[in-house]
Amino acid sequence: MTDNYLLLGAKKRLIEELRQKGISDENVLQAFDKVERHLFVESFLWNKAYDNVALKLLNGQTISHPYTVAFQSQLLQIKKGEKVLEIGTGSGFQAAILSAMGANVYSVERQQMLYERTRKLLSKLDPSIVMYYGDGFLGFPRFAPYDKIIVTCGAPNVPMSLMDQLKVGGIMVIPVGDESQTMKRLTKVDADNFEEEVFGDFLFVPMLKDRVKRQ
Ligand code: SAH
């Protein structure tokens, strides 16, 4: 009881902090109220779950900063019922936020262990999210085209197949770069052309090619 009460307070403070840092999309802020971030990390990290920090997951991967999740979600301009592809499922938190915002979420993860663990968690927390164990450089063609695409690992470039799997008029939010990444928002104006906007520097784990099998 006490724990839940403390976590609830921490969550409210986090939402206030996001608001102060410039997150103004009420749909994003409400999703942060609905989704319980502590359920996406190991229980020994619960006391940090609502701090604005990135946390370690299995296999040296991370759950992004809450601000980064909120910022990317806001850039996507999600409307209810839109089909959204996420590359880099990780903990599943970003996927759960987008789903809570009303999107139909499809999410790809290359690490089999992480994929299996998160699939188990999401099957309880939000079974509407469709997960796929695969290489995000190839997207998820089965359900293409998508209204929106979000990449949550640092991409060396904008993968062609992701461009192809976006609807005309659709938006892709993708951090591009090797050491650090520039957040880009690409709007597909027609089959071959994108408009590009840039939104500052971020630090993500790298987007790597090929699937990794569980050991
Ligand atoms: N959205 C996640 C962030 C996880 S960190 C969350 O909310 O927790 C980025 C994730 O991208 C890692 O899990 C990593 O394994 C995954 N990743 C890296 N390269 C990938 C690729 N080519 N395809 C799919 N996932 C990839």
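Residues numbered from 1 in each chain as written. Predicted model: local features only at pLDDT ≥ 70, side-chain atom pairs only at ≥ 80, totals over all residues. Heavy atoms only, no water.

Chemist: Would you take a moment to explain the pairing of strand β6 (residues 146–151) for this structure?
Modeler: Regular strands show a simple pattern: their side chains alternate between the two faces of the sheet. The buried count for β6 comes to six of six residues, which makes it a mostly enclosed element. Here strand β3 (residues 83–87) runs beside β6; their pairing, made up of four bridges, is parallel. Its bridge partner being in β6, Val84 is matched across the sheet by Lys148. Note that β6 and strand β7 (residues 166–176) share four bridges and pair parallel. Bridge pairing in β7 links Ile150 to Val173. (Buried < 20%, exposed > 50% of the residue type's maximum accessible area, 1.4 Å probe, protein only. Helix = DSSP H or I, 4+ residues; strand = E, 2+ residues; numbered from the N terminus. Pairing = 2+ DSSP bridges.)

Chemist: Just to check I follow, could you spell out the pattern of salt bridges for this structure?
Modeler: A pair can form between side chains of opposite charge whenever their charged atoms are brought close. The full count for this structure, using the stated rule, is 11 salt bridges. Among the salt bridges present, the one from Glu197 reaches Arg185, with a minimum N-O distance of 2.8 Å. With Glu197 in strand β9 (residues 193–202) and Arg185 in strand β8 (residues 181–190), the pair connects residues that are 12 residues apart, well separated along the chain. Connected through shared salt-bridge partners, Glu16, Arg19 and Glu26 make up one network. (Salt bridge = Lys/Arg side-chain N within 4 Å of Asp/Glu carboxyl O.)

Chemist: Explain the packing of aromatic side chains here, please?
Modeler: Aromatic rings in a pair are described by how distant their centres are and how their planes are angled relative to each other. Taken as a whole and judged by the stated rule, the model has 11 aromatic pairs. One aromatic cluster is present, built from ring pairs that chain together Tyr106, Tyr132, Phe140, Phe143 and Tyr146. Between Lys83 and the ring centre of Tyr146, over which it is positioned, the NZ or CZ distance is 5.8 Å. Its end group placed over the ring of Phe137, Lys209 keeps NZ or CZ at 3.8 Å from the ring centre. (Phe/Tyr/Trp six-rings, centres within 6.5 Å; stacked < 30°, edge-to-face > 60°. Lys NZ or Arg CZ within 6 Å of the ring centre and 35° of its normal.)

Chemist: Mind showing me how you'd approach the sheet that holds β7 here?
Modeler: Two orientations exist for strands paired in a sheet by backbone hydrogen bonds: parallel and antiparallel. The strand order across the open sheet built from seven strands is β5-β4-β3-β6-β7-β8-β9, with neighbouring strands paired in mixed fashion. Every interior strand has two partners, whereas the edge strands, β5 (130–133) and β9, have only one. Averaged over all pairs of adjacent strands, the angle between their axes in this sheet comes to 15°, without regard to strand direction. Contacts from helix α3 (residues 66–75) reach β6, β7, β8 and β9, with the element oriented near 160° to β9. (Axes fitted to C-alpha atoms, helices over the stretch in contact; angles between N-to-C directions. Contact = heavy atoms within 4.5 Å.)

Chemist: Whenever I open this one, the side chain of Lys148 confuses me. Can you help?
Modeler: By secondary structure assignment, the location of Lys148 is in strand β6. For Lys148, a relative accessible area of 4% gives the class buried. Engagement of the side chain of Lys148 in a polar contact is seen with the side chain of Glu82, the distance being 2.8 Å. If we ignore the near neighbours within four places in the chain, the residues touching Lys148 are Leu76, Gln77, Ile78, Lys79, Glu82, Lys83, Val84, Leu85, Leu166 and Ile171. (Polar contact = N/O pair within 3.5 Å; in protein donor to acceptor, adjacent residues only side chain to side chain.)

Chemist: Would you mind going over the packing of helix α2 (residues 26–34) against helix α4 (residues 93–100) with me for this structure?
Modeler: Between two packed helices, both the angle of their axes relative to each other and the distance between the axes serve to describe the pair. The geometry of α2 relative to α4 is characterised by a closest axis approach of 8 Å and an angle of 120° between their N-to-C directions. With respect to α4, the axis of α2 lies oblique. Handedness of the crossing formed by α2 with α4: right-handed. Residues Ala31, Phe32 and Lys34 of α2 lie in contact with α4, whose contacting residues are Phe93, Ile97 and Ala100. Here the contact of α2 with α4 is built from residues that sort into five nonpolar, no polar and one charged. (Parallel < 35°, antiparallel > 145°, perpendicular 65-115°, else oblique. Left-handed = near helix turned anticlockwise from the far one by under 90°. Nonpolar A, V, L, I, M, F, W, Y, C, P; charged D, E, K, R; others polar.)

Chemist: It is not clear to me how the nonpolar core should be interpreted in this structure. Could you clarify?
Modeler: Counting residues in hydrophobic clusters, the biggest one holds 46 residues, and the most contacted among them are Phe32, Phe93, Ile97 and Leu98. Mapped by element, the contributors of at least two residues to this core are α1 (2–20), α2, α3, α4, α5 (112–125), β5 and β7. At six residues, α4 tops the list of elements feeding residues into this core. In contact with Leu98, not counting residues within four places along its chain, are Ser73, Leu76, Ile78, Val84, Ala103, Val105 and Ile150. Counting residues in each nonpolar core, the second largest holds 19 residues, with Val108, Leu162, Leu166 and Leu186 among its members. (Core = buried A, V, L, I, M, F, W, Y, C linked by side-chain atoms within 4.5 Å.)

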